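Overview (structure and organization)
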Amino acid sequence: MTQVALNSTNMKKLIAAMLKEGVVRAPVETEDGAIFAAITEKSAIAFDYANVKLPLKREFFPQRETVSRFGVDGMVEEKTGAKKTVLFAVRPCDVQSILYLDKVFIDDKYQDPYYQSRRDKTFIIALACSSPASTCFCESLGQGPARKSGSDVMAYKLSDSFVFEAVSEKGEAFIKKNKSIFRAVMPKELQAVAKQEADAIKKMPRFEVNIGALRQKNDPALWNSVAETCLSCGACTFLCPTCHCFDLFDEKHGDEGRRIRVHDACMFEQFTKEASGHNPRAQKGDRMRQRIMHKFSYAPENFRLMFCVGCGRCIVNCPSNIDLRETIAKVTA
Amino acid sequence: MSTIQSNPYIPAPVTVDKVFVENDAKDLKTFRLAFRNKNDEAAFKYKSGQFAMLSVPGAGESPVGIASSPLDKGYIEFTVKRYPTGVVTTAMHDLSEGDTMGVRGPLGNSFPLDELKGKNLVIIGGGFAFTTLRSTIRYLLTDAVRGDYGSITILYGARSAGELLYKSELEQWQKRGDLTTYITVDKGDDSWKGRVGLVPIVLKEVAPSAANAHCLVCGPPIMLKFTIPPLLELGFAPEAILTSLERKMSCGIGKCGRCNVGGIYVCKDGPVFAYSQIRDIPENGF
């Protein structure tokens, strides 16, 4: 597909072009690290982040949203009012996570209207990763720092220019429409793109998941031992770009109220605890097993995909320093 | 108002038509519900074994098996157990006839009754897990349907006589000549003239034949744990033992992740499973 280049000094022109398409959300630096936020032509985009603090799922599946409102007249669906949005400079791992969530939220039988309304209106420009963190392992999962699938346009940041490549038809149309701001790609830029990817891959420690071995490990004592230091805080799941468990609950004031959807986590004891008091996953080890097995065994069974993109957020943010890679290694040893 | 087809999260409004108190403890009630809108009623085509999310606006939603027969027209029925900590079930028990609530569904798969035509059926239930089996039995005993199946044997048990569900129907079934019915209670009392004994024990005593037969068995995990081995001993193949799993659920449509056990989602892959499908899942509960 079409490849073009842009001098870094012309970034403002690209932002203006994107703003014509809709709301533009891109990584911006904050005290807590880079996060996605709506930008204007004047905003400084943080291109040199390893990964944004909060996963991309929140753009489509917010932590809290109203599903419906009810009153004396019954229950009425809440529309998301999703606006056309360009997500700019998204890491390929986060883009992959959205392809996985599509399988859950938009399956053959039931389409989630809240997720889908936002998904349908979003254009994604991915940004290849040049400096993965020590906790990154996308390459080990067969994905890689410059994976294009899922994006509309793939971008590569070089020393003083950017290379853009159309990935989808929508991406092709965007580049054509804005051809006046781009220039032809130089051969040395393509060489730099290839070198950047190869260097990024070299930087990442390798990690292997033996799914076959994992499936044999049902011993509760083994799982309890790897979950011993877990605080059951759920940080790993809330920050995971593919974790999608949620709860629905009602808020009521007088005769009126609303049904709300909030992120939930299999790491919480209450998650599966029934009103009778029975809990099929009463032990921390049961819940750790569920989180790991859902990603690396059940998802492959159902979707032929591991529900992990190797972003490392669960490792970086665990208050007990539990490392997913070590957990899997210990369990399958 | 949206219909359930356009947005799978929006319940159809229903009116509580009748409430039947089922047991002495008064914590089991059957709710007969009527759809407010004809379109919603027409769209709610279900089979025995399916469930729905019952919704009390302000309290929330809970998954409950459908207890009426697919051939019952003009209403649907659900039997709901109230738990002191159950927000939705308590709210439902506080409803009166004429009140409004919501129904989302039908959801999940069903007992494969069409595939079982010509077979003998052994139906075993324990406690208040008998609800979707009651739907099945009501369906099977319909004049137009009964002839499609061979012998039907029902074994139903509860903790005590006062805890048996659907008492008037049980009496009617016992009078019929075209089925064999064993009703048992764990603990007898002066008023109970019938059989006393736990379901697995009675199963061994009455030993229904496994020849050309399938067994539908629903009950608490502890009952399943002790009922499945004698069924296997009687010669029922793991594929011919069908049960229904229960799990906490939020969405009922395979998205919220709550009912995931092993590689299956109870809500969309079940709730009905052959024993052969779930026996190796560590969290199957029995």
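Residues numbered from 1 in each chain as written. Chains lettered and ligands numbered in written order. Predicted model: local features only at pLDDT ≥ 70, side-chain atom pairs only at ≥ 80, totals over all residues.

This part covers the interface of chain A and chain B. Taken together, the contact between chain A and chain B spans 35 residues of the former and 33 residues of the latter. When contributions to the side of chain A that touches chain B are tallied by element, the ones reaching two or more residues are β4 (64–71), β5 (74–77), α2 (92–105), β10 (246–253) and α9 (284–303) of chain A. Considering each element in turn, the side of chain A that touches chain B owes the most residues, six residues, to β10 of chain A. When the residues that make up the side of chain A that touches chain B are grouped by side-chain class, the tally is 17 nonpolar, nine polar and nine charged. (Contact = placed C-beta atoms within 7 Å. Helix = DSSP H or I, 4+ residues; strand = E, 2+ residues; numbered from the N terminus. Nonpolar A, V, L, I, M, F, W, Y, C, P; charged D, E, K, R; others polar.)

This paragraph deals with the sheet that holds strand β3 (residues 51–56) of chain B. All names here are of chain B. The antiparallel open sheet is built from six strands, whose spatial order is β4-β3-β6-β1-β2-β5. Where the open sheet ends on each side, the last strands, each with one partner, are β4 (60–65) and β5 (76–81). Within the sheet, the average angular offset between the axes of one strand and its neighbour, ignoring direction, is 40 degrees. Sheet topology note: the β3/strand β6 (residues 100–107) ladder contains four bridges and is antiparallel. Residue pairing in the sheet places Leu 54 in a bridge with Val 103 of β6. (Pairing = 2+ DSSP bridges. Axes fitted to C-alpha atoms, helices over the stretch in contact; angles between N-to-C directions.)

Okay, unusual backbone geometry next. Residue and element names in this part refer to chain B. With omega at -5 degrees, the peptide bond leading from Gly 105 into Pro 106 counts as cis. Turning to its location among the elements, Pro 106 is positioned in strand β6. Residue Pro 271 follows Gly 270 across a cis peptide bond; omega there is 10 degrees. Notably, Lys 26 is not glycine yet its phi reads approximately 60 degrees, a positive angle. Tracing the backbone through its elements, the reader meets Lys 26 in the loop between β1 (12–21) and β2 (28–35). Classification of Lys 26 by C-beta neighbours within 10 Å gives exposed; the count is 11. At Asn 212, a position not held by glycine, the phi torsion is positive, near 50 degrees. The topology assignment puts Asn 212 in the loop between α6 (199–206) and β11 (213–218). Asn 212 sits in the exposed class, given 11 other C-beta atoms within 10 Å. (Buried ≥ 20, exposed ≤ 12 C-beta atoms within 10 Å, placed from the backbone.)

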